[in-house]
Amino acid sequence: QVQLVESGGGLVQPGGSLRLSCAASGRIFSIYTMGWYRQAPGKQRELVAVITSGDVTNYADSVKGRFTISRDNAKNTVYLQMNSLKPEDTAVYYCNAAVRVSVDYRPSEFWGQGTQVTVSS
């Protein structure tokens, strides 16, 4: 019904920057909160940043001041600008969105397939 496709991951040196994008497509009536999560090897998935439909944002303490989440509602897309990257930011980054597919349904949660971010010299 709804697909989330991430892009923008890759290999970057410490101190560098990357911009992740996640585009939602399919049967979409409205999109509520969108966010980014990450999972490093051997660790649980954790929240990185979320943004509501009213552009209220929330960040994990570990990324505050370095990462910025934003969204383009006309494109059903959420972005994550990552600056001053550190080796501990290395993880698979997943996009998440609460999507209402019809006025007759409550919002459901959807996930992207993930994109690898590796911070290494």
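Residues numbered from 1 in each chain as written. Predicted model: local features only at pLDDT ≥ 70, side-chain atom pairs only at ≥ 80, totals over all residues. Heavy atoms only, no water.

Q: Lay out the overall build of the protein with the relevant residues and their values.
A: Counting secondary structure elements, the protein contains zero helices and eleven strands. Overall, the protein shows an N-to-C arrangement of helices and strands of β-β-β-β-β-β-β-β-β-β-β. Compactness check: the protein gives a C-alpha radius of gyration of 14 Å against a globular reference of 14 Å for 121 residues, within 12% of the reference. Structurally, the protein occupies a C-alpha span of about 50 × 25 × 25 Å along its principal axes. A fraction of 56% describes how many contacts in the protein between residues 6 or more apart in sequence connect residues 24 or more apart. When the 12 basic and 9 acidic side-chain charges of the protein are each reduced to a single mean position, those positions are 1 Å apart. (Helix = DSSP H or I, 4+ residues; strand = E, 2+ residues; numbered from the N terminus. Rg over C-alpha atoms; globule rule 2.2 N^0.38 Å. Contact = heavy atoms within 4.5 Å. Lys, Arg positive; Asp, Glu negative; His and termini not counted. Charge placed at Lys NZ, Arg CZ, Asp CG, Glu CD.)

Q: Any details on the side chain of Ser102? Residues and values, ideally.
A: Turning to its location among the elements, Ser102 is positioned in the loop between strand S9 (91-100) and strand S10 (108-111). Exposure remark for Ser102: the relative accessible area of 11% places this residue in the buried category. Apart from the residues within four sequence positions on either side, Ser102 is in contact with Arg27 and Phe29. (Buried < 20%, exposed > 50% of the residue type's maximum accessible area, 1.4 Å probe, protein only.)

Q: Explain the nonpolar core to me, using residue names and the numbers behind them.
A: Of all hydrophobic cores here, the largest spans 32 residues; its most connected members are Trp36, Leu80, Met82 and Tyr93. Counting only elements with at least two residues in this core, the list comes to strand S1 (2-7), strand S3 (18-26), strand S4 (30-39), strand S5 (46-51), strand S7 (67-72), strand S8 (77-82), S9 and strand S11 (115-119). Those residues in contact with Tyr93 that lie beyond four places of it in its chain are Glu6, Leu20, Trp36, Tyr37, Arg38, Val48, Phe67, Leu80, Met82, Gly114, Thr115 and Val117. (Core = buried A, V, L, I, M, F, W, Y, C linked by side-chain atoms within 4.5 Å.)

Q: I'd like a rundown of unusual backbone geometry, residues and numbers included.
A: Positive phi, close to 65°, is recorded for Asp55, a residue that is not glycine. With respect to the secondary-structure elements, Asp55 resides in the loop between S5 and strand S6 (57-59). Given the relative accessible area of 47%, Asp55 is considered partly exposed. Positive phi is not limited to glycine here, since Ser84 has a value of about 50°. Looking at where Ser84 falls in the secondary structure, it is placed in the loop between S8 and S9.

Q: Give me the side chain of Arg66: which residues, what numbers.
A: As for its placement among the helices and strands, Arg66 is situated in the loop between S6 and S7. Note on Arg66: relative accessible area 10%, which makes it buried. Polar side-chain contacts of Arg66 include one of 2.9 Å to the backbone oxygen of Ser62. If sequence neighbours within four positions are ignored, Arg66 has contacts with Gln81, Met82, Asn83, Ser84, Leu85, Lys86 and Asp89. (Polar contact = N/O pair within 3.5 Å; in protein donor to acceptor, adjacent residues only side chain to side chain.)

Q: Summarise the sheet that holds S8; cite the residues concerned and give the values.
A: Reading across the sheet, the four strands line up as S1-S3-S8-S7 and stay open at both edges, with antiparallel pairing between neighbours. With partners counted over all chains shown, the strands left at the sheet margins are S1 and S7, one partner each. Sheet twist, expressed as the average angle between the axes of neighbouring strands with direction ignored, equals 15°. (Pairing = 2+ DSSP bridges. Axes fitted to C-alpha atoms, helices over the stretch in contact; angles between N-to-C directions.)

Q: Could you give me a rundown of the state of the cysteines, with the residues and numbers involved?
A: A disulfide bridge is the covalent bond that connects two cysteines by way of their sulfur atoms. Applying the stated criterion across every chain yields a total of one disulfide. For Cys22, the disulfide goes to Cys95, at an S-S distance of 2.0 Å. Here Cys22 and Cys95 share a disulfide; its torsion about the S-S bond, -80°, makes the bridge left-handed. Of the two residues, Cys22 is situated in strand S3 and Cys95 in strand S9; the sequence distance between them amounts to 73 residues. The two residues Cys22 and Cys95 agree in class, both being buried. (Disulfide = S-S within 2.5 Å.)

These figures capture arrangement, not role.
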